[in-house]
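Here is what each chain is made of, one letter per residue.
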There are 2 protein chains.
Amino acid sequence: MFSEILEGIVEGTSGGVGAVLMGYDGIAIEQHFKPCGGVDLHMIAVEYANVLKEIKKTAEILNTGIMQEVSIQTERFQVVIRTLTDEYFVALTLERTGNFGKGRYLLMREAANLKEALA
Amino acid sequence: MFSEILEGIVEGTSGGVGAVLMGYDGIAIEQHFKPCGGVDLHMIAVEYANVLKEIKKTAEILNTGIMQEVSIQTERFQVVIRTLTDEYFVALTLERTGNFGKGRYLLMREAANLKEALA
C-alpha cells in the first residue's frame, strides 16, 4: 500500500529520485528509491527528520499553526517534505532540475491516502 | 538600498506581509513589515535563523551542496528563505493564501542585488 503510493509519487515527478515515509524518530516505514550516484537518500531523510522536529517546535512556539510543508533546495537536490500526523511525514527528493511543482502537488494529493493507510 | 529592495519584494508579492535581511546570528540588518495582527514577524525570522543553521550544517554533512532556499508552510503562514552569503539570508513571510511562486521568484531575482549591496 505505502510502497505503491511512494512509487507513484517518485515516478510521477520528473526528476524524482526517491520518497520515504518516515517517523520523526528517523525510522522509515517504507521507501522507494531510484539508484542515485554517490548519495545516500535514506540518510538525507534521517538527517532532515531532526531538522523537521526543530521546525515543528518553532512553529508551535511562534503560534503560527501546525507545520504542513517544508522544502529545501541545495546545489544538488530539492527535498519536499509534507507532514502527515504528529508522528509521521513523507519526504520526496528530486534532482536540482526536477519538477518541484509537480512533486509538491503529488505529495499534497497523496497525503490523504497515506494518512488513511497509517490510521 | 536594502530597504527599497525588501519593500519591493513584499509589495510585489500578493499576500506578502514582511521581508527581513538577517544574519545567521538572528540579528537583522534591515526589514520591511506590513502590520500583521497578533504575530511578531521579526521573531519568526529570528527563530528560523536557528533552524537554517541546522539545515546548512545538514546539507554540508550530507555533501548535497550548499543550501540555497528553504520554504516552510504552516497553517497561518508561508516563509521563503534564500541564502545570500555564508553569513546572511533573506526571508519573506506570506499569508497562507499568498502567491508563493511570485515571492520565490522575486527573492531569487533580488538575491544578486542584495549580495552586491552586502559586499
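Conventions adopted
- Along each chain, numbering runs from 1 in the same order as the chain's sequence is written.
- Chains and ligands are labelled by the order in which they are written, letters from A for the one and numbers from 1 for the other.
- Local features in this predicted model are restricted to residues of pLDDT 70 or higher, and side-chain atom pairs are both shown and tallied only at a pLDDT of 80 or more, whereas totals for entire chains, interfaces and linings draw on every residue.
- Excluded from the side-chain calculations are hydrogens and water; all other atoms, namely the structure's heavy atoms, are used.
- Residue contacts are counted whenever heavy atoms from the two residues lie within 4.5 Å of one another.
- Summed over both partners, the accessible area (1.4 Å probe) lost when two parts come together is defined as the buried area.
- Any carboxyl oxygen of Asp or Glu that lies within 4 Å of a side-chain nitrogen of Lys or Arg is treated as forming a salt bridge with it.
- Side-chain atoms alone can form a polar contact between residues adjacent in sequence; in general such a contact is a pair of N or O atoms within 3.5 Å, and within protein one must be able to donate a hydrogen while the other accepts it.
- Helix numbers and strand numbers start at the N terminus; a helix is a DSSP run of H or I with at least 4 residues, a strand a run of E with at least 2.
- In superposing the copies, a least-squares fit is computed on C-alpha atoms, taking residues whose pLDDT is at least 70 in both.
- Only the six-membered ring of Trp is used, alongside the rings of Phe and Tyr, when aromatic pairs are assigned; centres must lie within 6.5 Å, and planes under 30 degrees apart are stacked while those over 60 apart are edge-to-face, with the rest tilted.
- Working definition: with a 1.4 Å probe on protein chains only, accessible area under 20% of the residue-type maximum means buried, over 50% means exposed, and in between means partly exposed.
- The criterion is that NZ of a Lys, or CZ of an Arg, lies within 6 Å of the ring centre and within 35 degrees of the ring normal, and then a charge sits over that ring.
- A pair of strands is treated as paired once DSSP finds two or more bridges between them.
- As a rule, the C-alpha atoms of each element are fitted with a line to give its axis, helices using only the stretch in contact, and angles between N-to-C directions run from 0 to 180 degrees.

A. Up close: the interface of chain A and chain B. Counting from both sides, the interface comprises 30 residues of chain A and, opposite them, 30 residues of chain B. Carbon and sulfur atoms supply 57% of the area buried between chain A and chain B, which totals about 2,600 Å² over both sides. Linking chain A to chain B there are zero salt bridges. Here chain A is connected to chain B by nine residue pairs in polar contact (both at pLDDT 80 or more). If you list the elements that add at least two residues to the side of chain A that touches chain B, you get helix H2 (41–62), strand E3 (67–74), strand E4 (77–83) and helix H3 (100–118) of chain A.

B. Layout of the relation of the copies chain A and chain B. You can overlay chain A on chain B at an RMSD of 0.0 Å; the transform is a turn of 180 degrees with a shift of 0.0 Å along its axis. Overall, the copies show the geometry of a two-fold rotation axis. For chain A, the minimum C-alpha distance to the rotation axis belongs to Ser71(A) and amounts to 2.6 Å.

C. Looking closely at the packing of aromatic side chains. Applying the stated criterion to the full structure yields two aromatic pairs over all chains. Both rings, one in Tyr24(A) and one in Phe89(A), keep their centres 5.3 Å apart while their planes meet at 45 degrees; by these two values the pair is tilted. Taken as a pair, Tyr24(A) in the loop between strand E1 (16–23) and strand E2 (28–33) and Phe89(A) in strand E5 (residues 88–95) lie far apart in primary sequence, 65 residues in all. Phe89(A) matches Tyr24(A) in its accessibility class, with the two residues each being buried. For the cation-ring pair, Arg104(B) lies above Phe100(A), with the distance from its terminal atom to the ring centre recorded as 4.3 Å.

D. Local environment of the sheet that holds E5(A). On the basis of which strands lie adjacent, the open sheet formed by 10 strands has the order E2(A)-E1(A)-E5(A)-E4(A)-E3(A)-E3(B)-E4(B)-E5(B)-E1(B)-E2(B) and antiparallel pairing. With partners counted over all chains shown, the strands left at the sheet margins are E2 of chain A together with strand E2 (28–33) of chain B, one partner each. The average angle at which neighbouring strand axes cross in this sheet is 10 degrees, direction not considered. Across five bridges, E1(A) lies against E2(A) in antiparallel orientation. Bridge pairing in E2(A) links Met22(A) to Ala28(A).

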